Amino acid sequence: MNNYETVFILTPVLSDAQVEEAVKKFEDLIKEKNCEIVAKENWGLKKLAYPIQLKKNGFYTLIEFKGEGTVVADLELAFKRDERVIRYLTTKLDKHAVEYAVTRRTKVKTAKA
């Protein structure tokens with residue numbers, strides 16, 4: 001099992017319910033492929049560094065998961081086919097990146113508390 005992290009940006013014209021539905025769709029796809037979701041973070045509506053498809057904002061979501069390498073191709077194909085996704089990036093995490101992700105998550109939790 002490899003560790004992966006995927007970040008995707010959804011178009012800003014969606015309602016909160018539509019954003020939740022889109023995120024759930026990708027979570028279900030990951031679970032369907034026998035992967036374990038380690039963490040999910042909704043970063044909310046953020047300004048893009050440059051306009052994409054004439055849009056200046058987007059809903060950012062990060063999902064960390066453990067699974068086989070074949071799931072990445074299926075996930076990215078689903079991103080390409082979904083018109084609500086304007087950008088995505090999936091990276092494989094090495095042991096140092098996994099440690100950093102755990103540290104970052106604990107810092108975020110303590111900062112919110």
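Right above here is the structure, for reference.
Just so you know, these numbers come straight off a predicted model, no measurement behind them.

Q: Honestly, the pattern of salt bridges in this entry has me stumped. Any pointers?
A: Side-chain pairs of opposite charge can arise where the charged atoms are in close proximity. Under the definition given, this model contains nine salt bridges. Here D28 makes a salt bridge to K24, at a shortest N to O gap of 3.3 Å. Taken together, the residues D28 and K24, both in helix α1 (residues 16–32) and four residues apart, mark about one turn of the helix. With a shortest N-O distance of 2.6 Å, R105 and E64 are connected by a salt bridge.

Q: Even after reading the chapter, I still don't get unusual backbone geometry, so can you show me in this structure?
A: Note: most peptide bonds trans; most residues except glycine with negative phi. Look at N34: it is not a glycine, yet its phi comes out positive at around 60°. Examined against the element boundaries, N34 turns out to sit in the loop between α1 and β2 (36–52). A residue is classified by how much of its surface remains accessible, and N34, at 67% relative accessible area, is exposed. Phi is positive for L54, close to 65°, though the residue is something other than glycine. Classification of L54 as exposed rests on a relative accessible area of 85%.

Q: How should I be thinking about the nonpolar core in this particular structure?
A: Generally speaking, a soluble globular protein has its nonpolar side chains buried in company with each other. Counting residues in hydrophobic clusters, the biggest one holds 20 residues, and the most contacted among them are F8, L10, F26, F65 and L75. Of all the elements, α1 adds the most residues to this core, at six residues. When near neighbours in sequence (up to four residues on either side) are disregarded, F65 contacts N2, N3, Y4, T6, I30, C35, E36, I37, V38, V71 and L75. In this structure, L48, I52, Y60 and I86 belong to the second largest nonpolar core, which totals five residues.

The rules we used
Residues numbered from 1 in each chain as written. Predicted model: local features only at pLDDT ≥ 70, side-chain atom pairs only at ≥ 80, totals over all residues. Heavy atoms only, no water. Salt bridge = Lys/Arg side-chain N within 4 Å of Asp/Glu carboxyl O. Helix = DSSP H or I, 4+ residues; strand = E, 2+ residues; numbered from the N terminus. Buried < 20%, exposed > 50% of the residue type's maximum accessible area, 1.4 Å probe, protein only. Core = buried A, V, L, I, M, F, W, Y, C linked by side-chain atoms within 4.5 Å. Contact = heavy atoms within 4.5 Å.

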